[in-house]
Amino acid sequence: MGQMLADILDGAARGRFPETDGGTTVVAAPSGRDTGVIAFTAHSVVFTDEDPEWVHATAAALDCDALAATMHPRFLAAFLERTGRTTDTIDLLTVASSLPGQPGPELREATDPVHPRVVRARRRRDGVRMWEADGGVLVLGRGVAGRWEVAVELDEDARRRGLGRDLATAARHLVPPGGPLWSQQAAGNARSIRAFQAAGFRPVGSEVLLLGRQEEA
């Protein structure tokens, strides 16, 4: 204890990762909204206000490789049950640095407060803003531990043209200079993973976010 999730994330964005010792670090949840697990190489970070002893004991009781314990379905099911939360999927967690200058694609900032993508983003992020391009949208906001996060959504007929890569790259121009920009892609979403990696995002781990049920209403 004593570490803060924001410091761990800042280190990871700069290439400084937790020790590859097979351990699990439990840190306080940075807000009432943010609870979950990030698995780095041979080290996991659980951010929660639950008892750290419960986290360690539950993970240790599993009949599985210790390196996989915090992402094991039985651990996650127990975590969800204990916290009364829900989740969607295990994501690949990626990060890129900001870029100077203006974004390449022509973007139009949208102000529609009930756009489905904006509504979804506000369940997970603060200060959400959205930009539209022909065939797609990008959404920026402050997510877990205040980090800048981007999500991209394309129209079906706009796929396979490089637009996802272009929007992910554009987002790097829209965040404050010198800071990292984070994004999550579902592990099975190969198109999104390829687009973000082509835009310069690099994988740093896997992540599961536990959402309060009121956020799913």
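Residues numbered from 1 in each chain as written. Predicted model: local features only at pLDDT ≥ 70, side-chain atom pairs only at ≥ 80, totals over all residues. Heavy atoms only, no water.

A. Main features of the pairing of strand E7 (residues 126-133). Here strand E6 (residues 108-110) runs beside E7; their pairing, made up of three bridges, is antiparallel. Residue pairing across strands places Ala-110 opposite Met-130, the latter belonging to E7. Judged from the six bridges that link them, E7 and strand E8 (residues 136-142) form a sheet pairing that is antiparallel. Across the sheet, residue Glu-132 finds its bridge partner in E8, namely Val-137. The antiparallel pairing of E7 with E8 creates a hairpin that spans two residues between the two strands, and Gly-135 there sits at a positive phi of about 100°. (Pairing = 2+ DSSP bridges. Helix = DSSP H or I, 4+ residues; strand = E, 2+ residues; numbered from the N terminus.)

B. Inspection of the nonpolar core at higher detail. Of all hydrophobic cores here, the largest spans 19 residues; its most connected members are Leu-138, Leu-140, Val-150, Leu-167 and Phe-201. Residue assignment for this core shows that the elements contributing at least two residues are E7, E8, strand E9 (148-154) and helix H5 (163-174). In terms of residue count, H5 provides more of this core than any other element does, five residues in total. With residues near it in sequence (within four places) discarded, Leu-140 still touches Gly-127, Val-128, Arg-129, Trp-131, Glu-149, Val-150, Ala-171, Leu-174, Val-175 and Leu-181. (Core = buried A, V, L, I, M, F, W, Y, C linked by side-chain atoms within 4.5 Å. Buried < 20%, exposed > 50% of the residue type's maximum accessible area, 1.4 Å probe, protein only. Contact = heavy atoms within 4.5 Å.)

C. The environment of Ala-170, seen in detail. Mapped onto the secondary structure, Ala-170 falls in helix H5. By relative accessible area, Ala-170 is classed as buried at 1%.

D. Quick peek at the layout of surface pockets. Counted as a void, the second largest pocket has a volume near 180 Å³. Where the lining of the second largest pocket is concerned, the elements lending two or more residues are helix H1 (5-13) and strand E10 (180-186). No other element matches the three residues that H1 contributes to the lining of the second largest pocket. In the lining of the second largest pocket, the residues fall into six nonpolar, two polar and three charged. (1 Å grid on protein atoms, 1.4 Å probe; cavity = no way out; pocket = protein on both sides within 12 Å on 5 of 7 lines; lining within 4 Å. Points joined across faces, edges and corners; volume = space filled by probe spheres on them. Nonpolar A, V, L, I, M, F, W, Y, C, P; charged D, E, K, R; others polar.)

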